[in-house]
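Notes for the structure review
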Amino acid sequence: MTRARPLLVFDSGVGGLSVFAAIRARLPAAPLVYVADRAGYPYGTKPAALIEARVPALLGRLAERFDPELIVIACNTASTIALDAVRGALDLPIVGTVPAIKPAAALSRTRTIGVLGTEATVRQPYVDRLAAEFAADCRVLRHGSAALVELAERKLRGEPGAPDDYREAMAGLFAQPGGDEVDTIVLACTHFPLVEEELAAAAPRPVAFVDGKEGIARRTAWLTRERAWPGEAPAPVALFTGPAAALDSYRPGLARFGLNRVETL
Ligand code: DGL
């Protein structure tokens, strides 16, 4: 019997685990590989040209090694910058992560939505296009925070941040003109659903949070609908591009996502 080709879920760090969990829940028999480009982390503070070169090259190496059925780029920064380059370079289905502006606009009563992402994501023309197409009658306020990405990484390593850290990381969104009207926030970085509870507690008033992980899981299930995976899935593997020394602090957090096999590239 030939070995089933895995689905590869990719991010700069642990943020993509929010997407990985949604895919695993929907496709419990699918073989999964999770890859964190820790050697390239963080993406959100890096120049777009660097991400646009690095991500297709790395995914090309990973495609050779794992022969995946499909790749999910579980990272808004990499998707908004490098999705076309990856699709041009690789001959297999690529599912990207798009900031969930459309569902947020459908939900907002005040017609003022916040987009919380990395600094790189919130300045992408891709976000302008989504806002123009799906939220033309909304005020769309954007805020990029590298601190929030790092807070999510720390949480997974078992180092919880203080409520003030979260308040500070979000302050730049609510302080903008119209910030007091925001009732819906797009979590436009896959790290942020991992700290959604902390964000909700730190927000100055109740707001709705929207992200794209369920949509990505649905899309992945649709693209693999003809695949009959045999019985139980093999234990999923996590791969970090480095450094090996950092791995131990992540192991307990990864285990909570079913990732007990952790390797470095
Ligand atoms: N998780 C990533 C995203 O969705 C980026 C985090 C980072 O590396 O800055 O944008």
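Overview of the structure.

Calculation rules
- Residues numbered from 1 in each chain as written.
- Predicted model: local features only at pLDDT ≥ 70, side-chain atom pairs only at ≥ 80, totals over all residues.
- Heavy atoms only, no water.
- Helix = DSSP H or I, 4+ residues; strand = E, 2+ residues; numbered from the N terminus.
- Buried < 20%, exposed > 50% of the residue type's maximum accessible area, 1.4 Å probe, protein only.
- Contact = heavy atoms within 4.5 Å.
- Pairing = 2+ DSSP bridges.
- Core = buried A, V, L, I, M, F, W, Y, C linked by side-chain atoms within 4.5 Å.

Quick word on the environment of Val98
- Summarising the element assignment, Val98 is placed in the loop between β4 (94–95) and α4 (101–107).
- Look at Val98 and you get partly exposed, because its relative accessible area is 33%.
- Discounting residues that sit within four places of it in the chain, Val98 has contacts with Asn76, Tyr126 and Leu130.

Quick word on the pairing of strand β1 (residues 7–11)
- Among the five residues that make up β1, five are buried, leaving the element largely enclosed by the rest of the structure.
- Of the two faces of β1, the one carrying Leu7, Val9 and Asp11 and the one carrying Leu8 and Phe10 are both buried.
- Two strands pair when backbone bridges link them, and β1 and strand β2 (residues 32–36) are joined in this way by five bridges, in the parallel orientation. Paired with Asp11 across the bridge in β2 is Ala36.

Overview of the nonpolar core
- The biggest cluster of nonpolar side chains holds 31 residues, and the ones touching the most others in it are Leu7, Leu17, Ile23, Val72, Phe240, Leu254 and Leu259.
- When residues of this core are traced back to their parent elements, those giving at least two are β1, α1 (17–26), β2, β3 (70–73), α10 (213–223), β9 (237–240) and α11 (247–255).
- The biggest single contributor to this core is α1, with five residues.
- The residues touching Leu254, leaving out its near neighbours within four places in the chain, are Leu17, Leu156, Phe240, Leu259 and Val262.
- Residues Leu62, Ile73, Cys75 and Val86 belong to the second largest nonpolar core, which totals 24 residues.

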